[in-house]
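Each chain, letter by letter, is given below.
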Amino acid sequence: MRALTLAFLFFFLCATLATAFGIYFATLGTIDGLVAKRLDGASMLVAPPDEPVSTQRIAARMALAMRDRDTGDLGFILTERGQRVAGNVQLDRPLPPGLSRVDVADRIKGLTHGRVLVRDLGQGLRLAVIAETEPFDDYNRARKQIYLIGFGSIIAIALAAATTFTLIVRGRIVAMRRTVDAIFDGDLSQRVPVDGSDSAFDRQAEAFNRMLGRITELMDDMGHVINGVAHELRTPLARLRNQLSLLAHDPQAAALRDRIEDAQGEADRLLSLFSALLRIAEVESGARRAHFSAVDLSELVEDSAEALGAVAEESGHRILAPPSHKLVVSGDGQLLTQMIVNLVENAVRHTPSGTRIVLGLEPQPGWAVLTVTDDGPGIAAKDRARALDRFGRLSEGAKGHGFGLPLVASIARLHGGGLELADAGPGLKVTVRLPMLHGEQ
Amino acid sequence: MRFPWRGNGGDGRAGVQGTIIESSGYMPVSLHLLIVEDDEPLAAQLEQQLRLSGHETSLAVDGRQAMEMVSSARFDLIILDRVLPRMDGIAVLKSLRDNQILTPVIMMTALGQARQKVEGLEGGADDYVVKPVDPAELNARIHALLRARSWTGQGSDETLRAGDITLSPTRHSAWRNGRTLNLQKIEFRLLTELVRHADTAVTRAMLLERVWNYDFEPATNLVEAYIRRLRIKLTEFGDEDPIRTIRGVGYMLTA
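Worth saying up front: this structure is predicted, and the values here are computed from it rather than measured. (Residues numbered from 1 in each chain as written. Chains lettered and ligands numbered in written order. Predicted model: local features only at pLDDT ≥ 70, side-chain atom pairs only at ≥ 80, totals over all residues. Heavy atoms only, no water.)

*Asks:* Can you walk me through the sheet that holds strand S9 (residues 179-181) of chain B in this structure?
*Replies:* Paired through backbone hydrogen bonds, the strands of a sheet run either parallel or antiparallel to each other. Residues and elements named next belong to chain B. Sheet architecture is open: four strands sit in the order S6-S7-S8-S9, paired in antiparallel fashion. Strands at the two margins of the open sheet, each flanked by one partner only, are strand S6 (160-162) and S9. Each strand axis lies, on average, 25° off the axis of its neighbour in the sheet, ignoring direction. Alignment of strand S7 (residues 165-168) against strand S8 (residues 173-176), held across four bridges, turns out to be antiparallel. Looking at the pairing, Thr166 lines up with Trp175 of S8. (Pairing = 2+ DSSP bridges. Helix = DSSP H or I, 4+ residues; strand = E, 2+ residues; numbered from the N terminus. Axes fitted to C-alpha atoms, helices over the stretch in contact; angles between N-to-C directions.)

Laid out in structure tokens, this is it:
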């Protein structure tokens, strides 16, 4: 956009200057031509080329021309073998044949700038006709000023127009980008402002808003379908589970109790999968953003490390959470807690006994950076993308749903941040970045 | 190969195993409950299960009917759906409280709608359960709620007492048989919750909400791990284990 505007201005400037110089030099050339023509005319009048050369006759015609109204302002000099024989102007230096210039240094009375045409007439006679160009030069100066003011203001107006245009377009684009950013952040209720001017911009904004309206409808529909499916399936599933539970405690079914409880466990896993799906749907809808408040991450990290301390101890893991400075983000305390707990639980569940899990929290300009690092076996680089995929599982046949990390990623996104997996050499390092509200150093 | 990432993803209450309440140490109390639910099959199942637990139930299918029934009969507790035809659950709750009807209310909210829970509690509900409701969970919450309401309070405002266990929430100290218990923050909060509901079952979900402040179900058995820790500290001097595991429900501290 800026490059385009600058290029446009550059070409406009070039074209304007070329026009100005073109007109200037063309005018200059025309005037020069007119002067030359006039000198030639006067010279031919005094000494026509088709008659025999005669000093007396030429001198007589010169005298006539000097009195004539049309040619009275011209200077004439007739020389014979270098000696001045007639004329109304005195010139000390010899003049070259053809057109040349005279100026104040030639000390011609009343002349500062002029042009001279010298013709060899034959028999040693030479006729010089001099015209004063001072009025033209004055006019030239005025013309330069006119050009400067005229073309200068054209350029200034073009610059101002381009700047204004750029600002207006930029304003509109910024308004649209803000809307897009807000929508990207999950606030689908945002619309591009319309000023009612029915301009092309307004019509574009309206079209954009219509598109957003349609997208919102589709998203709502999809959300309803997901919610509906999850709810509709959960209710009968819960009923089935309760029936299995009743059955497991029936004395008549005592022999099958273990297998009934296995079936009940499967039902429980399905129920928790639906819970996870609905939780992700809730997070992705962005509805929770309406109730964000200032949350100190360092407190959540400390609490989560403590909450999972007993579990980690039993499984032989060690959780280290070095105290960190207060780091405040705008967010949902429950979701952020779930995010941290999820990350630590993942490390506890998927690394062998004896693994060290380090919870880190540090400020970077504008960001709160949370890391969960373990020195376990890690995830191969090629499998990391799959670990973040909602339905991707790293090994077939493993129990549980694959929504742990995707949920963490959803929660990070809801808060305007992101999630990254990296090699901790050895082990896995999970980094969550969240935009910081403020921190204390 | 690392195991798949499959951390906890939601706030389902499916973690409590089974629905049968073992009778030992658990006193069934017959209560008159009002169920306000427009989904009839669901309401029927709920009624059946609560009757199995020994309660008497009445059913209202919308908010206005609920208001009429509340004004003509006395209920021990109301189980109120958040979304109802004619008069919304929140409106029913407000109207009850405005009319000085202080019957305990358990709100039923849809899963994945955390806001409904907050609205319910702000509107004056005493507790909430997430649909589809686990009958054992609901029954435990009914008892815990009524127990808390009728708390005659052994000890003063300053201390809580259950059997030989004494707690001082203000001083953050606990004793058993006069001996100081050295408890960490979470262990102390867990014991407080158990003492407050002594002789009543407390579910895993209730403990997660009240001790850990979680509205989701973790993927690890962190409640069990802390109960084990607490048991070790409570029996350090050879005393009997006061925490009873109630199969399919949760835990109970016997006074």
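Let's pick the thread back up.
*Asks:* Just to check I follow, could you spell out the nonpolar core for this structure?
*Replies:* Side chains that are nonpolar tend, in soluble globular proteins, to be buried together. Among the nonpolar cores identified, the biggest contains 78 residues, and Leu336, Met339 and Val432 of chain A together with Leu190, Leu191, Leu194 and Trp212 of chain B are the most heavily contacted of them. The leading source of residues in this core is helix H8 (residues 333-350) of chain A, at nine residues. Setting aside residues no more than four positions away along its own chain, Val432 of chain A makes contact with Met339, Leu343, Ala368, Val369, Leu370, Val408, Ala412, Gly418 and Leu419 of chain A. (Core = buried A, V, L, I, M, F, W, Y, C linked by side-chain atoms within 4.5 Å. Buried < 20%, exposed > 50% of the residue type's maximum accessible area, 1.4 Å probe, protein only. Contact = heavy atoms within 4.5 Å.)

*Asks:* What is the right way to read the packing of helix H1 (residues 2-46) of chain A against helix H3 (residues 134-184) of chain A from this model?
*Replies:* Residue and element names in this part refer to chain A. The interhelical angle for the contact between H1 and H3, taken along N-to-C directions, is 165°, at an axis separation of 11 Å. If you check the angle between H1 and H3, you find them roughly antiparallel. As for the relative orientation of H1 and H3, their crossing is right-handed in sense. (Parallel < 35°, antiparallel > 145°, perpendicular 65-115°, else oblique. Left-handed = near helix turned anticlockwise from the far one by under 90°.)

*Asks:* Any chance you could explain the pattern of salt bridges here in plain terms?
*Replies:* All names here are of chain B. Enumeration over the complete set of coordinates arrives at 41 salt bridges over all chains. A salt bridge links Arg82 to Asp88, with the nearest nitrogen and oxygen atoms 2.9 Å apart. Classification of Asp88 as partly exposed rests on a relative accessible area of 27%. (Salt bridge = Lys/Arg side-chain N within 4 Å of Asp/Glu carboxyl O.)

*Asks:* So what exactly am I meant to see when it comes to the packing of H8 of chain A against helix H10 (residues 404-414) of chain A here?
*Replies:* How two helices pack is summed up by the angle between their axes together with the distance between the axes. Residue and element names in this part refer to chain A. Close contact between H8 and H10 brings their axes to 9 Å; oriented N to C, the two are set at 145°. H8 and H10 meet at a crossing whose hand is left-handed. In this structure, H8 contributes Leu335, Leu336, Gln338, Met339, Asn342, Leu343 and Asn346 to the contact, and H10 contributes Gly404, Leu405, Leu407, Val408, Ile411, Ala412 and Leu414. Broken down by class, the residue content of the contact of H8 with H10 amounts to ten nonpolar, four polar and no charged. (Nonpolar A, V, L, I, M, F, W, Y, C, P; charged D, E, K, R; others polar.)

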